[in-house]
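So you can see what is in the structure, the chains are spelled out below.
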Amino acid sequence: MLTLRKLRIEDTEHLSRWGLHSDSRFSHYDFRYFTKEDFRYWYRTKQQPPFRWIYAIVDRGEVVGFVTMKQIQWFLRRAEFGLVIDPARLSQGYGTEGLKKFMHHYFETLHMRELKLRVSDFNSRARKVYERLGFQLIRTELYPFEDQTRNFELILNTQDFVMKGPQLMTKTHSMTLKRRDYELLCLEGKK
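Residues numbered from 1 in each chain as written. Predicted model: local features only at pLDDT ≥ 70, side-chain atom pairs only at ≥ 80, totals over all residues. Heavy atoms only, no water.

A. Molecular detail of unusual backbone geometry. With omega at 5 degrees, the peptide bond leading from proline 49 into proline 50 counts as cis. Within the secondary structure, proline 50 sits in the loop between helix 2 (36-46) and strand 2 (53-59). Non-glycine residue serine 91 carries a positive phi angle of around 65 degrees. Following the sequence through the fold, serine 91 ends up in the loop between strand 4 (78-85) and helix 3 (94-109). One non-glycine residue, histidine 111, lies in the positive phi region at around 60 degrees. Looking at the element boundaries, histidine 111 is found in the loop between helix 3 and strand 5 (114-120). (Helix = DSSP H or I, 4+ residues; strand = E, 2+ residues; numbered from the N terminus.)

B. Local environment of the packing of aromatic side chains. As enumerated under the stated definition, the model contains 17 aromatic pairs in all. A ring pair is formed by phenylalanine 31 and phenylalanine 39, whose centres lie 6.1 Å apart and whose planes are at 35 degrees; its orientation type is tilted. Each member of the pair, phenylalanine 31 as well as phenylalanine 39, carries the same accessibility label: buried. Ring geometry for phenylalanine 81 and tyrosine 130: centres 5.8 Å apart, planes at 90 degrees, overall edge-to-face. You can see phenylalanine 81 sitting in strand 4 and its partner tyrosine 130 sitting in helix 4 (residues 124-132), a full 49 residues away along the chain. Across the pair, tyrosine 130 and phenylalanine 81 agree in class, each one buried. Ring-pair connections join several aromatic residues into one group, and the members of that group are Tyr55, Phe81, Phe102, Tyr106, Phe107, Tyr130, Phe135 and Tyr182. (Phe/Tyr/Trp six-rings, centres within 6.5 Å; stacked < 30°, edge-to-face > 60°. Buried < 20%, exposed > 50% of the residue type's maximum accessible area, 1.4 Å probe, protein only.)

Here's what the structure looks like:
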């Protein structure tokens, strides 16, 4: 059974045994840390309470993914999230089920009002999950890509990126799920 809990620093060693993405557009999500100091550095950059929290998605004692809650605005009761699943476990339902657990925690335990996300246009698998779970499109725009160190490689090998000045940009979709829409989905049994 899948569970959600706060990610602990000792979980990072397990992340180092995750698979790698075969698609170079996603390789910035690969966990490429190998020493205890690397693990501590990564953990400190992700877990920065009260404005940034990271939750582990756990299946039978193994961390199979994590959700980062970031840009938290406690007064307005909203935040943005990011979801990462072990590349060796993609297309097995972990992202959908893990996100459902997170949404329940977010709206029911934390009593938040709005959950936001940003997803790259080329990440069609994630977009479909978000749409199925009730997220609505706010806008589509060019946005700086997360990994600015690989601009030459990505521009040459895909059509998903452009340079705008010194920045590597990609088309992204900003989406949102409001509490009332989440509650409606729960009533309809879709969540």
